[in-house]
Amino acid sequence: MEKAIILSFLLVSLLSSSHAADFCVADLTAAPTPPATPAEESALTADDFVFTGLGMAGNTSNIIKAAVTPAFVGQFPATNGLGISAGRLDLAKGGVIPFHTHPGASEVLIVTQGSICAGFVTSSNKVYTKTLKKGDSMIFPQGLLHFQLNAAGVTSVAIVSFSSPEPGLQILDFALFGNNLKTALIEAVTFLDAATIKKLKGVLGGTM
Ligand SMILES: *[C@@H]1O[C@H](CO)[C@@H](O)[C@H](O)[C@H]1NC(C)=O
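Residues numbered from 1 in each chain as written. Predicted model: local features only at pLDDT ≥ 70, side-chain atom pairs only at ≥ 80, totals over all residues. Heavy atoms only, no water.

Peer 1: Any chance you could explain unusual backbone geometry here in plain terms?
Peer 2: With the exception of glycine, most residues fall at negative phi, and the peptide bonds are largely trans. A positive phi is found at N125, a non-glycine position, where the angle reads about 70 degrees. Relative to the assigned elements, N125 resides in the loop between β5 (115-121) and β6 (127-133). The exposure class of N125 is exposed, given its relative accessible area of 60%. Even without glycine at this site, F191 takes up a positive phi of about 70 degrees. Checked against the element boundaries, F191 lands in the loop between α3 (183-190) and α4 (194-204). Overall, the relative accessible area of 77% leaves F191 in the exposed class. (Helix = DSSP H or I, 4+ residues; strand = E, 2+ residues; numbered from the N terminus. Buried < 20%, exposed > 50% of the residue type's maximum accessible area, 1.4 Å probe, protein only.)

This is the structure:
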């Protein structure tokens with residue numbers, strides 16, 4: 001008898017506690033405490049699990065003629081805690097996503113329009129590049145430098161998916177030439193000449 005009571009108590013507590021573990025949709029209005037405060041399940045609707053932004057073309061009127069539309073945890077709170085996120089890449093004619101890394105995630109890219117030349121470099125400096133057609137996918141392992149550039153004469157589009165809700169994004173050109181890193185220091189750490197560095201700073205917005 002006592003055993004049966006203990007068992008049913010265990011069952012009830014198991015059932016009720018298994019509830020919260022399904023997801024952890026971030027409440028972005030709450031104080032930004034890592035990890036994000038989960039929203040109350042009773043307050044959620046199907047829309048909280050849906051992101052509609054990837055259907056729209058990004059604005060490619062910029063120096064790289066490209067746009068990245070993220071559906072990371074900051075834009076798509078339902079990804080919180082689930083180890084996934086997504087994004088969209090728009091590459092106008094001549095567009096490029098310069099060498100960059102996602103420190104927090106591996107990436108899979110799926111070309112949905114046009115053609116994209118993509119590649120990455122391993123830590124032993126081996127290069128893997130491929131020109132992808134519509135429907136092709138390519139993997140970019142976590143943390144490795146990689147790039148994408150339009151290989152079609154028209155706009156190309158890709159959907160990307162990440163193995164983290166917070167993949168992070170660091171673009172090498174902007175890290176070197178788009179901030180206030182001193183020209184002499186860039187010369188020392190890259191072996192480039194000052195004239196080239198100043199030219200790139202001019203294009204990418206670095207201070208002279
Ligand atoms: C796209 O970005 C450019 C440069 O920031 C801006 O001038 C333009 O208005 C934007 N276009 C749209 C449709 O938002």
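Peer 1: How should the packing of aromatic side chains be read in this particular structure?
Peer 2: Ring pairs (aromatic) are described by centroid distance and by the angle formed between their planes. Enumeration over the complete set of coordinates arrives at five aromatic pairs. Ring geometry for F72 and F162: centres 5.4 Å apart, planes at 90 degrees, overall edge-to-face. Within this pair, whereas F72 is found in the loop between β1 (66-71) and β2 (85-91), its partner F162 is found in strand β9 (residues 156-162), the two being separated by 90 residues in sequence. A residue is classified by how much of its surface remains accessible, and F72, at 16% relative accessible area, is buried. A network of ring pairs unites the aromatic residues F120, Y128 and F140 as a single cluster. (Phe/Tyr/Trp six-rings, centres within 6.5 Å; stacked < 30°, edge-to-face > 60°.)

Peer 1: Help me understand a nonpolar patch on the surface in this model?
Peer 2: On the surface, F99, L145 and L172 cluster together into a nonpolar patch covering about 210 Å² of accessible area. Along the chain, the position of L145 falls in strand β8 (residues 145-150). Owing to a relative accessible area of 32%, L145 belongs among the partly exposed residues under this scheme. (Patch = residues over 30% accessible without salt bridge, like charges linked within 9 Å, V, L, I, M, F, W, Y side chains within 5 Å. Areas by Shrake-Rupley, 256 points an atom, 1.4 Å probe, with all protein chains shown as cover. Salt bridge = Lys/Arg side-chain N within 4 Å of Asp/Glu carboxyl O.)

Peer 1: Could you clarify how one ought to interpret the pairing of β8 in this entry?
Peer 2: Within a regular strand, side chains alternate between the sheet's two faces. Of the pairings in the sheet, the one linking strand β3 (residues 96-101) to β8 comprises three bridges and is antiparallel in character. Along β8, the bridge assignment pairs I97 with Q148. The pairing of β5 with β8 spans six bridges and is antiparallel. Bridge assignment links A118 to a residue of β8, and that residue is Q148. (Pairing = 2+ DSSP bridges.)

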